Amino acid sequence: MTSADPPGPREPGQLQPLSPQLDHRVHAFADALRRIFLSLDMTLGQYAIRHRRNKADVSRWLSGNRVPERAMVDEMLAEATRRLHHPVTDEVRYHIHKLHAAAILAQGPLTQRIQLLSDEMDGALTELQQVKAERKDLQDALGHRNQQVHDLTIRSRQLEQAWASERVRTQGEMDDADAEIRELHAQRNRLESEIKTLKSRLRRAHENEAILTERCRQLERELEEHDNQSAPSTPASPLTQPDVSHPRRAPGPYFFLSHAGTQAADPAEAKKANRWVMKLFKDICDNVLEYTNITDFSKVGYLSFSDWTESTSHALETCRIFVPLYSPRLFDSERCGKEWAAFEARLHAISDAENRPPALLPALWTPAPHADSLPKVARAIQFSHSRLGVIYHDQGFYGLTKTPSRRAQYQRASLEFAKRIVEIAENEPSVPIGVPLDYEALPNAFRRELSG
């Protein structure tokens, strides 16, 4: 972890030298983080796939262009422990955390407050998971003890009945039976005492879980408030100061929403069946409108959930962001697989993989899938975004939309997702405009075999 940076990248698209224009605190932290990363003997792509991160985000953290959250720092330290087969010392961990805190401070007090809240949220969520696990263990133990008491009660009654019906046996046999009955009663008393203790611990676990759950909600609300404050006031915000150094944008919609909609012969019935997706699409479009100078709603987004049309092809050829709406049906849809392949081809037209924008931006319609359940083409793409909230990751947009008590979480998630669309569209290199598409000739990205 103490070796200097290599004179050149380890392979194409790997680490580049740190900019001398970085704030010295950010430079010191980024340099320390790079040393840890180099000790892992992994490429950016390998790390991104292993930890389900966006490769471009990892590159920005290691280049000092962005300061990551505390959880990512601890994640890399944990990976170093696994890779080097010995734990990172407390001194090293403390030093890295101190450098991280200084780098956050260099970003400004509001960014620092948001980071502290994020770290506290991570800690509260970890503690909540531990309390839930303890509660489950206690419930299992309580159930086992209750079953033991039930079995002992039945055994005791059987012996008492046998003892009463066999009074003609010798006194010695009667004494043996009586002793066994007393022992069974003693065991039952001990188990009932354990059950009483377990019930008390279980009640405390329920109370702790309720307290931690409410604390997580409070932290989530505070994060939302601070995010709202930072959007209009931060001078470097990509939402307020677009980077005009990139080439002219494609004259298409900001985003293309790919969804495996519910099919119906009657267009009216199809529209009714997909009304919740249409609501999400409209809400994201409304939010994008507020963060841009667009005046025409039709120029904001394109929703694809039915048959391929000429307008579908044009939107896919020219859109800035491709948003696949993750659900079990999406990866079974041939049309969605072809839409993915068409946009991916536009991305790959940028020969330098390091400069490809994160313009393939998944959204969760249903709860987050496990990486192993995804097709190979989707496994390296980050789909979990902390700014959208923890409940979004667990429920998806559909769960938030269908639950009235989750209205605030839905509004936050749809707003933050719209912000992310604008950030990428306004501040990342543009995706080249595609060629006219032949639907029949397009491959299905979810079915083809990819190497690596």
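Residues numbered from 1 in each chain as written. Predicted model: local features only at pLDDT ≥ 70, side-chain atom pairs only at ≥ 80, totals over all residues. Heavy atoms only, no water.

### Let's talk about the nonpolar core
- Core analysis: the biggest nonpolar cluster contains 61 residues, and F255, I321, Y326, W340, F397, F417 and I421 have the highest contact counts within it.
- For this core, the leading source of residues is helix α13 (residues 407–427), giving eight residues.
- Leave out the neighbours within four places in its chain, and F255 touches F281, I284, C285, V300, G301, Y302, C319, I321, V323 and I421.
- With 29 residues, the next largest nonpolar core counts L22, A30, L44 and L62 among its residues. (Core = buried A, V, L, I, M, F, W, Y, C linked by side-chain atoms within 4.5 Å. Buried < 20%, exposed > 50% of the residue type's maximum accessible area, 1.4 Å probe, protein only. Helix = DSSP H or I, 4+ residues; strand = E, 2+ residues; numbered from the N terminus. Contact = heavy atoms within 4.5 Å.)

### Things to note about the sheet that holds strand β4 (residues 363–364)
- A sheet is described by the order of its strands in space; here four strands give the open sequence β2-β1-β3-β4, paired in parallel fashion. Bordering the open sheet on either side are β2 (301–304) and β4, each of which pairs with just one other strand.
- Against the sheet, helix α9 (residues 275–290) contacts β1 (255–258), β2 and β3 (321–326), and its axis sits at roughly 170° relative to β2. (Pairing = 2+ DSSP bridges. Axes fitted to C-alpha atoms, helices over the stretch in contact; angles between N-to-C directions.)

### With respect to the pairing of β3
- Burial analysis of β3 places six of its six residues in the buried class, which makes it a mostly covered element.
- Taking every second residue as pointing to the same face, both faces of β3 are buried, with I321, V323 and L325 on one and F322, P324 and Y326 on the other.
- Two elements, β1 and β3, share four bridges in a ladder whose sense is parallel. Bridging across to β3, F255 finds its partner in I321.
- Two strands pair when backbone bridges link them, and β3 and β4 are joined in this way by two bridges, in the parallel orientation. What sits directly across from Y326, in β4, is L364.

### What to know about the confidence of the model for the protein
- Mean pLDDT over the protein: 76, with 75% of residues reaching 70 or higher.
- Long-range and interchain partners of residues 1–13, a stretch whose pLDDT sits below 50, account for 25 contacts in this model, where long-range means more than four residues apart.
- Within the model, the stretch residues 231–250 combines pLDDT values under 50 with 37 contacts to residues more than four positions away or in other chains. (pLDDT = per-residue confidence, 0-100.)

### Brief notes about unusual backbone geometry
- Although it is not a glycine, D41 adopts a positive phi angle of roughly 55°.
- Along the polypeptide, D41 turns up in the loop between α1 (24–39) and α2 (44–51).
- Given the relative accessible area of 60%, D41 is considered exposed.

### Some points on the packing of aromatic side chains
- One pass over the full model with this rule turns up 14 aromatic pairs.
- Arranged with centres 5.0 Å apart and planes meeting at 65°, the rings of Y392 and F397 form a pair that is edge-to-face. With respect to class, Y392 is no different from F397; both count as buried.
- Plain terms: the ring middles of F397 and F417 are 6.2 Å apart, the flat faces sit at 90° to each other, and that makes the pair edge-to-face. Of the two residues, F397 is situated in helix α12 (residues 390–402) and F417 in helix α13; the sequence distance between them amounts to 20 residues.
- A connected cluster of aromatic rings, assembled from ring pairs, spans F256, Y302, F322, Y326, F331, W340, F343 and F446.
- If you follow R320 out to its NZ or CZ, it ends over the ring of Y254, 4.2 Å from the centre.
- The ring of Y439 is capped by K338, whose NZ or CZ atom sits 4.9 Å from the centre of that ring. (Phe/Tyr/Trp six-rings, centres within 6.5 Å; stacked < 30°, edge-to-face > 60°. Lys NZ or Arg CZ within 6 Å of the ring centre and 35° of its normal.)

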